[in-house]
Amino acid sequence: MSTPSALFKKYDIPAPRYTSYPTVPYWSETPTLEAWLESLRQTLQEPGSKWSMYIHIPFCETLCTFCGCNTTITKNHKLENPYVARLLKEKDAYFKAAPDFQSRPLSQLHLGGGTPTFLSEEHLRALLQGLLGGLVKDEHFEGSIEVDPRRTRVTQLEVLREFGFNRVSLGVQDFDPEVQRLIHREQSFEQTKLITDEARRLGFTSVNFDLIYGLPKQNLTTISHMIEKTAQLRPDRIALYSFALVPWIKPGQRLFKDEDLPKGEEKRELYEKAREMLLAEGYLDIGMDHFALPSDELAKSSQRKALHRNFMGYTDQRTDILLGLGVSAISESPHMFFQNEKILPKFESLIDQTGFAPFRGHVLSKEDRHVRKQILELMTRGETSLQGDKDQGVIVERVQEMVKDGLARVDGDKVEILPEGRPFLRNLCLAFDRRFFSSQPETRIFSSSI
Ligand SMILES: C[S@@+](CC[C@H](N)C(=O)[O-])C[C@H]1O[C@@H](n2cnc3c(N)ncnc32)[C@H](O)[C@@H]1O
Ligand code: SF4
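Note that this is a predicted model, so its numbers are computed, not measured.

Undergrad: Explain the packing of helix 3 (residues 80–97) against helix 4 (residues 121–132) residue by residue, including any values.
TA: For any two helices packed against each other, one specifies the crossing angle of their axes together with the interaxial distance. Closest axis-to-axis distance for the helix 3/helix 4 pair is 10 Å, and the angle between their directions is 5 degrees. In this view, helix 3 runs roughly parallel relative to helix 4, as classed from their interaxial angle. Residue-level inspection shows Glu 80, Asn 81, Val 84, Leu 87, Leu 88 and Lys 91 of helix 3 in contact with helix 4, the latter providing His 123, Ala 126, Leu 127, Gly 130 and Leu 131. In terms of residue class, the contact of helix 3 with helix 4 is built from six nonpolar, three polar and two charged.

Right, here's the structure in full:
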């Protein structure tokens, strides 16, 4: 069996994070807008179908140089009003095309970005009124938002609570001043503490921190401090992301010096250290890069093997439709994926013309649906079945290397990740990824798996 260091070297290959299957670079069968709307209508008519909504707010006042999100960097708050108006126009267009949205209870509403708290209290209220007014909320409705503690006011959190929001996710990344300086994101512990405390006081039942390992100048000492500080505030959930280095897409990352970036085994040690400390603090490891306190719904779902995953990451509620509104937002139904235009001025003009902003998508083939289910099961439950799979032999062969290394197990039709293999879950999913093996893209598209 290989040593841990050899394992990290061996499995540190570019691999997707599998928030969808097929992954976006492999989308090929673009649906027409009419086919997409028909898929929504059909799904909404199925008894018991559930839906959720994602709203993308792209604006940020300053650029954090590590950032891989779709953002528009601006201090011009005059952009808020027209953007909110376009979001509501897009929502109205969907509701006109698929009127059952009005009567089917909404399970989740997530505001992401960019920075949703770029919006003033007034515009947040107008947006939420426009989105939720007249809608039926599911009895287990979850409203969640990504906030940047440097740009969040308590009065904004109050507006969110008025509309039933109960989850808040704080961008923290790291508490270390030198790391913060290098990523162009100076954020004091007090700012993070204030928003955490106020969110709790106002009744948000789940607070998440986004942390990242692999940023410039991080080392075992800074990572230990990061977890100690985090433990003081005790968020209910933690997303501990691997820094995705994609300078060919995000030129801001070219500002980092190569020698400052922890890589390979050194980077993995940062994750291991953080993980060990979080487990010692009572957090549960609930899926790729995610931790939660046992009292949190995500941890409970993970233990019931009832976790789900979509473009927003892990969730504790399975919904049949995710309707994404706003620039670059991605939607999904049981039959297809659909993404909005990614460039803001183009998005605006498309919405002005028709109310919709199609950019690309993918109609799932029968095989895609089968593989999607397998990869989803691996990501959320750590195991899946090969029963009746025409590619069983090929997959078992691809998994053999991980089996030999003590990272995965094949037991009859069942394939599962072993505890030692958890860091390499993406590699196991790759073995099932038919599209990846049938056509390798010519350009680099994914960040490294570790
Ligand atoms: C939209 S931001 C969060 C909200 C807000 N804009 C903020 O920064 O506080 C979403 C999260 O994605 C993660 N993220 C962004 N770029 C990343 C990258 N290159 N690698 C890993 N995680 C990244 C960060 O943890 C960030 O908090
Ligand atoms: S990390 Fe958040 S605040 Fe920073 S640029 Fe990205 S989306 Fe904007």
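Undergrad: Requested: an account of the site of ligand 1, with residues and values cited.
TA: In the neighbourhood of ligand 1, 18 residues make up the surrounding shell, with Gly 68, Asp 148, Gly 171, Asp 210 and Ala 244 lying closest. Counting only elements with at least two residues in the shell around ligand 1, the list comes to strand 4 (106–113), strand 6 (167–173) and strand 7 (206–213).

Undergrad: Which residues make up the nonpolar core, and what values do they have?
TA: In terms of nonpolar packing, the biggest core is built from 79 residues, with Leu 211, Ile 238 and Leu 240 touching the most fellow members. Non-local contacts of Leu 240, meaning those with residues more than four positions away in its chain, are made with Leu 211, Tyr 213, Tyr 271, Ala 274, Asp 289 and Phe 291. In terms of nonpolar packing, the next biggest core, distinct from the first, is built from 27 residues, Met 402, Phe 424, Leu 430 and Phe 432 among them.

Undergrad: Talk me through the domain arrangement of the chain; I want residue IDs and the actual numbers.
TA: By a widespread convention, an interface's size corresponds to the accessible area lost as its parts come together. Each assigned domain of the chain is listed here: domain 1 (1–25 + 365–450) and domain 2 (26–363). Placing the centre of domain 1 and that of domain 2 at their C-alpha centroids yields a distance of 25 Å. Listed per partner, the contact involves 20 residues of domain 1 and 23 residues of domain 2. The set of elements that each furnish at least two residues to the side of domain 1 that touches domain 2 consists of helix 1 (4–11) and helix 12 (366–381). With four residues, the single largest contributor to the side of domain 1 that touches domain 2 is helix 12. Of the residues that constitute the side of domain 1 that touches domain 2, the class distribution is nine nonpolar, six polar and five charged.

Undergrad: Outline the site of ligand 2, listing residues and values.
TA: Around ligand 2 lies a shell formed by Cys 60, Leu 63, Cys 64, Cys 67, Cys 69, Thr 71, Gly 113, Gly 114, Thr 115, Asp 148 and Gly 171. Residues that form the shell around ligand 2 fall into these classes: five nonpolar, five polar and one charged.

Undergrad: I'd like a rundown of unusual backbone geometry, residues and numbers included.
TA: Omega for the peptide link from Tyr 21 to Pro 22 comes to -5 degrees, which places this bond in the cis form. Residue position: Pro 22 is located in the loop between helix 1 and helix 2 (33–45). The amide bond that connects Gly 113 to the next residue, Gly 114, takes the cis arrangement and shows omega of 20 degrees. Here Gly 114 shows up in the loop between strand 4 and helix 4. One non-glycine residue, Lys 217, lies in positive phi territory at about 65 degrees. Mapped onto the elements of the fold, Lys 217 is located in the loop between strand 7 and helix 8 (220–233). Non-glycine residue Arg 234 carries a positive phi angle of around 45 degrees.

Undergrad: Which residues make up the packing of helix 8 against helix 9 (residues 264–280), and what values do they have?
TA: Two numbers describe how helix 8 lies on helix 9: the axes approach to 9 Å, and their chain directions differ by 30 degrees. As summarised for this structure, helix 8 and helix 9 are arranged roughly parallel, according to the angle between their axes. Crossing of helix 8 against helix 9: the hand is right-handed. Listed contacts from helix 9 to Leu 220, Ile 223, Ser 224 and Ile 227 of helix 8 are Glu 269, Leu 270, Lys 273, Ala 274, Met 277 and Leu 278. Classifying every residue of the contact of helix 8 with helix 9 by side-chain character gives seven nonpolar, one polar and two charged.

Undergrad: Requested: an account of the pairing of strand 15 (residues 336–340), with residues and values cited.
TA: Among the five residues that make up strand 15, five are buried, leaving the element largely enclosed by the rest of the structure. Burial along strand 15 is two-sided: Met 336, Phe 338 and Asn 340 facing one way and Phe 337 and Gln 339 facing the other are all buried. For strand 14 (residues 330–332) and strand 15, the ladder comprises three bridges, and the chain directions are antiparallel. Across the sheet, residue Ile 330 finds its bridge partner in strand 15, namely Gln 339. In textbook terms, the turn of a hairpin is the stretch between consecutive antiparallel strands, and for strand 14 and strand 15 this stretch comprises three residues. Of the pairings in the sheet, the one linking strand 15 to strand 16 (residues 358–363) comprises five bridges and is antiparallel in character. Counterpart to Gln 339 in the pairing with strand 16 is Arg 360.

Undergrad: Tell me about the sheet that holds strand 17 (residues 383–385), and please be specific about residues and values.
TA: What links the strands of a sheet is backbone hydrogen bonding, and the strands pair in either a parallel or an antiparallel sense. Ordered by their spatial adjacency, three strands build an open sheet running 17-19-18, and the pairing between neighbours is antiparallel. Each of the sheet's edge strands pairs with one partner strand only, and the pair in question is strand 17 and strand 18 (408–411). With direction set aside, neighbouring strand axes in the sheet form an average angle of 15 degrees. Pairing of strand 17 with strand 19 (residues 414–417) involves three bridges; the strand directions are antiparallel. Bridge pairing in strand 19 links Thr 384 to Val 415. Against the sheet, helix 12 touches strand 17 and strand 19, its axis set at about 155 degrees to strand 17.

Undergrad: Outline the pairing of strand 19, supporting the account with residue identities and numerical values.
TA: Burial along strand 19 is one-sided: Val 415 and Ile 417 are buried, while Lys 414 and Glu 416, pointing the other way, are not. Following strand 18, the chain reverses through two residues before pairing antiparallel with strand 19; Gly 412 in that reversal takes a positive phi of roughly 65 degrees.

Undergrad: So what about the environment of Lys 75? Which residues, and what values?
TA: Within the element layout of this structure, Lys 75 appears in the loop between strand 3 (72–73) and helix 3. Distance from Lys 75 to Phe 337, taken between C-alpha atoms, is 33 Å for residues 262 residues apart in sequence.

Undergrad: I'd like a rundown of helix 4, residues and numbers included.
TA: Look at helix 4: 16 Å from first C-alpha to last across 12 residues, which is about the 16 Å you get at 1.5 Å a residue. Among the residues of helix 4, Leu 124, Leu 127, Leu 128 and Leu 131 are the ones counted as buried. For helix 4, the angular spread of the buried residues around the axis is 90 degrees, confining them to a single face.

Undergrad: Go over the environment of Tyr 21, please, and point to the residues and values.
TA: Position of Tyr 21 relative to the elements: it lies in the loop between helix 1 and helix 2. Expressed as a C-alpha distance, the spacing of Tyr 21 and Arg 369, which sit 348 residues apart in the sequence, is 8.2 Å. Those residues within four positions of Tyr 21 in sequence are excluded, and the remaining contacts are Asp 368, Val 371, Arg 372 and Ile 375.

Reading the values: the criteria
- Note on numbering: residues in each chain are counted from 1, in written sequence order.
- All chains are assigned letters beginning at A, and all ligands numbers beginning at 1, according to the order in which they are written.
- It should be noted that, the model being predicted, local features are given only for residues of pLDDT at least 70 and side-chain atom pairs only at 80 or more, the latter also being counted only at that level, while totals for whole chains, interfaces and linings use all residues.
- Helix axes use the C-alpha atoms of the stretch in contact, all axes being lines fitted to C-alpha atoms, and the angles between their N-to-C directions lie in the range 0 to 180 degrees.
- Every helix listed is a DSSP run of H or I at least four residues long, and every strand listed is a run of E at least two residues long, numbered separately from the N terminus.
- Orientation is classified from the angle alone, with under 35 degrees giving roughly parallel, over 145 giving roughly antiparallel, 65 to 115 giving roughly perpendicular, and any other angle giving oblique.
- Once C-beta atoms are placed from the backbone, any two residues with those atoms within 7 Å are in contact.
- The residue classification treats Ala, Val, Leu, Ile, Met, Phe, Trp, Tyr, Cys and Pro as nonpolar and Asp, Glu, Lys and Arg as charged. All others, Gly included, are polar.
- Nearness here has a simple definition: the residue's C-beta atom, placed using the backbone, must lie within 6 Å of the molecule or strand.
- By convention in this section, buried Ala, Val, Leu, Ile, Met, Phe, Trp, Tyr and Cys residues joined through C-beta atoms within 7 Å make up a nonpolar core.
- Any residue with 12 or fewer other C-beta atoms within 10 Å of its own C-beta is exposed, any with 20 or more is buried, and the rest are partly exposed; the C-beta atoms used are placed from the backbone.
- The source of the domain bounds is an automatic or database domain assignment.
- The hand of a helix crossing depends on one turn: near helix anticlockwise from the far one by less than a right angle means left-handed, and clockwise means right-handed.
- Here, any two strands with at least 2 DSSP bridges between them count as paired.
- Helix span is expected to be 1.5 Å times the residue number reduced by one.
- Arc, as used here, means the arc of the directions from the helix axis to the C-beta atoms.

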